[in-house]
Amino acid sequence: MAPRIVLVALFAALFLPSALARADNPRLIARVGQNDSFTISLRDPSGNPVTHLDPGTYDIEVHDLSEEHNFHLHGPGVDKSTSIGDVEDAVWTVTPTDGKYGFECAAHANLMNGWFTVGQVAPTSIAAGVGPKRSISLKPKTVAVGPATITVNDRSRVDNFPLTGPGVNRKTGVVFRGQVSWSVTLQPGVYSYRSDKHKALRGSLVVTLPS
Ligand SMILES: [Cu+2]
């Protein structure tokens, strides 16, 4: 081989594989603190918010646009963060697997956050009940965001089980007795349940971001 070809081959061996691998990964765009606003997002190249991903390797283009905020992404096998106090652009290559992922600004996690699922995520089981006497219940009272199956045992002819909260508004009938199962997607926030006939029969369910 002529020396020049060897050099080109060597150069290609050193630099091309990573460049090519990077170009092949689907790209996502993370953005936080545009014009120092309290905004945070993770979007696909078309601009749609990421709600679900297939397992695999992704390049995340991170634009931390403010010194007040940062972008923290976490979930199974992934824990990446820009720093508060810096404006920075970065590309993170990450390989999420089945599970729930969250992102937030560490300084304002309650205001600036988001979440998505990757691959297969088993629904959280929640058991709820009303009656037979004047009682109402739901367990567990704190769960993480995502798919959930709520099984309601309605054992009362005089009370029902209504559940309301972000994206959910379901109820059993007052006279109805029996078991029903609701498939829902729980968002961060507080959900409440309260019998339509006896307002004292009530409680709440707290839904948290992925830990
Ligand atoms: Cu912030």
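All of these numbers come straight from a predicted model, not from anything done at the bench.

Caption draft 1: Quick look at empty space enclosed by the protein. One pass over the structure, following the stated rule, counts one cavity of 30 Å³ or more. Considered as a void within the structure, the largest cavity measures approximately 40 Å³ in volume. What lines the largest cavity is simply Leu28, Leu53, Tyr58, Ile60, Leu73, Val94, Pro96, Tyr101 and Phe116. In the lining of the largest cavity, the residues fall into nine nonpolar, no polar and no charged.

Caption draft 2: Main features of the coordination of the copper ion. Every protein donor of the copper ion is accounted for by His69 (ND1), Cys105 (SG) and His108 (ND1), and the metal-donor separations fall at 2.0 to 2.1 Å. All donor residues of the copper ion come from one chain, and their arrangement in sequence is H-x35-C-x2-H. Look at cysteine 105 and you get buried, because its relative accessible area is 0%. Accessibility expressed as a relative area gives 21% for histidine 108, which makes it partly exposed.

Caption draft 3: Fine view of the environment of serine 211. Residue position: serine 211 is located in the segment after strand 18 (202–208). For serine 211, a relative accessible area of 90% puts it in the exposed group. C-alpha separation for the pair serine 211 and valine 145, spaced 66 residues apart in sequence, amounts to 10.0 Å.

Caption draft 4: Local environment of the sheet that holds strand 16 (residues 178–186). Pairing within the open sheet is mixed, and its four strands lie in the order 11-10-13-16. The open sheet is flanked by strand 11 (136–139) and strand 16, the only strands paired with a single partner. Adjacent strand axes in the sheet meet at a mean angle of 15 degrees, parallel and antiparallel pairs treated alike. Relative to strand 16, strand 13 (residues 146–154) runs antiparallel, the two being bridged by nine bridges. Along strand 16, the bridge assignment pairs threonine 151 with serine 181.

Caption draft 5: Structural context of the pattern of salt bridges. On inspection of all chains with the given rule, the structure shows two salt bridges. In this structure, glutamate 61 and arginine 27 form a salt bridge, with 2.8 Å as the shortest nitrogen-oxygen distance. Here the residue glutamate 61 occupies a position in strand 4 (residues 58–64), and arginine 27 occupies one in strand 1 (residues 27–32), the gap between them amounting to 34 residues. Here aspartate 196 and lysine 171 are joined by a salt bridge, their closest N and O atoms 2.8 Å apart. Remark: lysine 171 occurs in strand 15 (residues 168–171) and aspartate 196 occurs in the loop between strand 17 (189–194) and strand 18; sequence separation between them is 25 residues. Exposure remark for aspartate 196: the relative accessible area of 31% places this residue in the partly exposed category.

Caption draft 6: Spatial organisation of the sheet that holds strand 7 (residues 88–94). Read across the open sheet, the four strands follow the order 2-1-4-7; overall the sheet is mixed. Of all strands in the sheet, those with a lone pairing partner are strand 2 (40–43) and strand 7, marking the two edges. The mean inter-strand angle of the sheet, taken between neighbouring strand axes irrespective of direction, is 15 degrees.

Caption draft 7: Structural view of the packing of aromatic side chains. Evaluation of the coordinates by the stated rule reveals five aromatic pairs. Considering the side-chain rings of phenylalanine 71 and phenylalanine 103, the 5.3 Å spacing of their centres and the 10 degrees angle between planes classify their relative orientation as stacked. Of this pair, phenylalanine 71 sits in the loop between strand 4 and strand 5 (72–75) while phenylalanine 103 sits in strand 8 (residues 99–104), and the two are 32 residues apart along the sequence. For the pair phenylalanine 71 and phenylalanine 103, a shared accessibility class is recorded, and that class is buried. Ring centres of phenylalanine 161 and tryptophan 182 lie 6.4 Å apart, and the angle between their planes is 45 degrees; on these two criteria the pair is classed as tilted. Taken together, the positions of phenylalanine 161 in the loop between strand 13 and strand 14 (162–165) and tryptophan 182 in strand 16 put the pair 21 residues apart, joining distant regions of the chain. Both residues of the pair, phenylalanine 161 and tryptophan 182, count as buried.

Basis of the calculations
Here, residues in each chain are numbered from 1, in the same order as that chain's written sequence. The predicted nature of this model means local features are confined to residues of pLDDT at least 70 and side-chain atom pairs, given and counted, to a pLDDT of 80 or more, with totals for whole chains, interfaces and linings taken over all residues. Values reported for side chains reflect all heavy atoms of the structure, with hydrogen atoms and water molecules removed beforehand. Both site types are read off a 1 Å grid over the protein atoms alone. A 1.4 Å probe that fits but cannot get out defines a cavity, while an open set with protein on both sides within 12 Å along at least five of seven lines defines a pocket; lining residues have an atom within 4 Å of a point. Grid points are joined across faces, edges and corners, and a volume is the space filled by probe spheres set on the points. Each residue gets one of three labels, nonpolar for Ala, Val, Leu, Ile, Met, Phe, Trp, Tyr, Cys and Pro, charged for Asp, Glu, Lys and Arg, and polar for the others, Gly among them. A donor here means any N, O or S atom no more than 2.8 Å from the metal (3.2 Å for Na, K and Ca); water is not included, so a site may seem to lack partners. Residue burial is assigned from relative accessible area. The probe radius is 1.4 Å, only protein chains are included, and a residue is buried under 20% of its type maximum, exposed over 50%, and partly exposed in between. Think of it this way: any DSSP run of H or I at least four residues long counts as a helix, any run of E at least two long counts as a strand, and we number them from the N terminus. Strands are treated as partners if at least two bridges between them are detected by DSSP. The angle between two axes is taken between their N-to-C directions and runs from 0 to 180 degrees, where each axis is a line fitted to C-alpha atoms and a helix contributes only its stretch in contact. For salt bridges, the criterion is a side-chain nitrogen of Lys or Arg within 4 Å of an Asp or Glu carboxyl oxygen. Stacked, edge-to-face and tilted labels apply to pairs of Phe, Tyr and Trp rings (six-membered ring for Trp) whose centres lie within 6.5 Å, assigned for plane angles under 30 degrees, over 60, and everything in between, in that order.

Scope: geometric values only; no functional claims are made or implied.
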